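Results of the structural survey
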Amino acid sequence: MHYTNLLRFLLIMFGALICACSSSDKADRIFVNGTVITLDANNTLAEAIAVKEGRILAVGSTREIQALASTDTETVDLAGKTLLPGFVAAHEHPAISAVFRNFLDMSGFTHPSAAEAWQALKNEIANTPRGEWVYAMGLDPILLADLQTPDRAQLDALAPHNPVFILAANLHTAWVNSAALTAAGIDESTPPPGEGSYFGRDEDGRLNGMLVEKEAMEPFTATHKNPLKVTSAYEAELDDLRAAGFTTVASLGFNVPAWLARWAASEDFKPRIRQFIYYRGENLAKLDGAPDAGSDFFRVQGAKYWYDGSPYSGSMVVYEPYRDSKLTAELGIAHGSHGEPVVTEEYLRAQLRDKDGRGWQTATHVQGDRAAHEFVDMLQQEYNALDTPAQEAFIQRRHRLEHGLLVNRSTLKSLAQLGVTPSFHINHLYYYGDALKQHLFGVALTEKILPVKTAFDLGMHPTLHADSPMFPAEPFSLMQTAITRRTRAGTLIGSHEAISPEQALRAMTINGAWQLGMEQEIGSLEVGKYADLVVVDKNPLQTPAQKWREIQVKGTWIAGRR
């Protein structure tokens, strides 16, 4: 009897062990009956995937994946839709977007004419109590071709009793009235703010209400950057990114405090989106010591610098001068201007040396061809001063060049040898390509802008970005521009730099993961990686490139959680 009971107990335990082993092979969730574009090294296509505990358990046919289901497994029927890796927003500004979220929108995205944009401002002023600030953004003489940029006297006439601040769409220029200057404590004797930033002046040397670059604008926007005032708007910005198909965002420049970013990135104590933060300006002091590991969901990644500025404020540093045209005059760009750096070479070199030496990744805003050449010279000098182990670590750091409008092939080749990776502000071409060609730089130079294919050819793992809030963070818009090289008006620019659909998808996924040092965890749909997923209504590889902007995101999952 005792022997029989023991045998029965052993059989029960063995059966339980078998069930446990079998159950451990089963998926929490499966996605079936669709097209799975994995973007692995072979660009493998599949029909389905299985997810367990937030990671990809298997990739294969619908039949193979259904075999991994148990009675507890959730089945997501793709019904012919396409599953992709979650997109990586390689260079965006959710904190800045949150600050500006409640500003009046005067952009060409919202208003079909300058008259309507100005009427919106007049209405806002009329509805604002006397003495209170009026903030607006998006003013753009390129998207609104009939727009004349304002001066101080015009804004005084519009708003004699309210301080007014209007930010340009390029985020590098703003305009204010006399009441705003007074409220900010700025008068004719106020010295230039420095760092390549300045207060505009008229022919008589008097303040004309124009502000150029961040330091000049800071007195007017500082109160809006209070973390407690932007929390809900910041969460909304992250949700908007996720709804667009992004599961990871790299935030470069102004950021909310790390504690708030962590809080906003969670929803019911589960990840809302992955965040990687780059500090700049006064926040660089927070990069004290060497980097810590952070987590796969939130990490302070490194430092952000600006070397030059914007082509639309004349602060991009170029070899050939800006053209004289009605548009350059409207933008306030002086005759014969070549632009000038925002910081000195000595300062930037010292910063790059310090951050690299302590293990931090750096990301530097570089737009012009001359700026890019000077930047690579700085990096090369720092690299040459290192011993062999430190040189290897320098390359492994994957330092970044941001925007790269006019970086040329020769400079890219030198950057590639130093391990630098570029992120391209590709929709410069879509929204402003015609203006660059006709008014700012001419045909020959504009044909060379944004050399994305060259960066792919050099193995630099390039990415694409919108630089929101400058342009909408819409991944399929970015990819369509990179593939077609067409402006909004249909003009073809630099066809030799067009990339393939597969390359465009990689620029928005695995390359972004690589730039963050996360390519083993996200960026492609492979066994063991996090199940960061996006479902879209059409297979982009079977959709004409000129129709990619019509592709709609139907759902996103972060680590297997919708």
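Residues numbered from 1 in each chain as written. Predicted model: local features only at pLDDT ≥ 70, side-chain atom pairs only at ≥ 80, totals over all residues. Heavy atoms only, no water.

Focus on the overall build of the protein chain
- Counting its secondary structure elements, the protein chain contains 20 helices and 25 strands.
- In terms of C-alpha radius of gyration, the protein chain reaches 26 Å, essentially the compact-globule figure of 24 Å for 562 residues.
- Oriented by its inertia axes, the alpha-carbon framework of the protein chain measures out at about 110 × 60 × 50 Å.
- The buried share among the 562 residues of the protein chain stands at 56%.
- Long-range pairs, those at least 24 residues apart, make up 72% of the contacts in the protein chain between residues at least 6 apart in sequence.
- Carbon and sulfur atoms make up 52% of the accessible area of the protein chain, which totals about 23,000 Å². (Helix = DSSP H or I, 4+ residues; strand = E, 2+ residues; numbered from the N terminus. Rg over C-alpha atoms; globule rule 2.2 N^0.38 Å. Buried < 20%, exposed > 50% of the residue type's maximum accessible area, 1.4 Å probe, protein only. Contact = heavy atoms within 4.5 Å. Areas by Shrake-Rupley, 256 points an atom, 1.4 Å probe, with all protein chains shown as cover.)

Points about the side chain of Arg274
- In this fold, Arg274 is placed in strand β18 (residues 274-279).
- Separated by 2.6 Å, the side chains of Arg274 and Asp532 make a polar contact.
- In contact with Arg274, not counting residues within four places along its chain, are Thr247, Thr248, Val249, Asp296, Phe297, Ile522, Tyr530, Asp532 and Ala559. (Polar contact = N/O pair within 3.5 Å; in protein donor to acceptor, adjacent residues only side chain to side chain.)

Describing the packing of helix α12 (residues 369-384) against helix α14 (residues 409-417)
- Relative to each other, α12 and α14 sit at 25°, their axes nearing to 10 Å. On the basis of their axis angle, the class for α12 and α14 is roughly parallel. When the axes of α12 and α14 are compared, the crossing they make is left-handed. On α14, the residues touching Ala372, His373, Phe375, Val376 and Leu379 of α12 are Thr411, Ser414 and Leu415.
- Here the residues of the contact of α12 with α14 are counted per class, giving five nonpolar, three polar and no charged. (Axes fitted to C-alpha atoms, helices over the stretch in contact; angles between N-to-C directions. Parallel < 35°, antiparallel > 145°, perpendicular 65-115°, else oblique. Left-handed = near helix turned anticlockwise from the far one by under 90°. Nonpolar A, V, L, I, M, F, W, Y, C, P; charged D, E, K, R; others polar.)

Quick look at the confidence of the model for the protein chain
- When pLDDT is averaged along the protein chain, the result is 91, and 95% of the positions lie at 70 or above.
- The low-confidence segment residues 1-23 (pLDDT under 50) makes one contact with residues lying over four places distant or belonging to another chain. (pLDDT = per-residue confidence, 0-100.)

Regarding the pattern of salt bridges
- Applying the stated criterion across every chain, the model contains 25 salt bridges.
- With a shortest N-O distance of 3.9 Å, Lys52 and Asp28 are connected by a salt bridge. Of this pair, Lys52 sits in strand β4 (residues 48-52) while Asp28 sits in the loop between α1 (2-24) and β1 (29-32), placing them 24 residues apart in sequence.
- Residues Glu188 and Arg152 are paired through a salt bridge, measuring 3.6 Å at the closest nitrogen-oxygen approach. Separated by 36 residues along the polypeptide, Glu188 in the loop between α6 (178-183) and β13 (198-201) and Arg152 in helix α5 (residues 152-158) bring together distant segments of the chain.
- The exposure class of Glu188 is partly exposed, given its relative accessible area of 31%.
- Among the charged side chains, a salt-bridge network with shared partners connects Arg152, Glu188, Arg201 and Arg206. (Salt bridge = Lys/Arg side-chain N within 4 Å of Asp/Glu carboxyl O.)

Quick look at the environment of Val452
- Within the element layout of this structure, Val452 appears in helix α17 (residues 452-457).
- Measuring from C-alpha to C-alpha, the distance between Val452 and Glu497 comes to 6.0 Å, with 45 residues separating the pair along the chain.
- Each residue touching Val452, except ones within four places of it in the same chain, is listed here: Phe424, Ile426, Pro462, Leu464, Arg485, Glu497 and Ile499.

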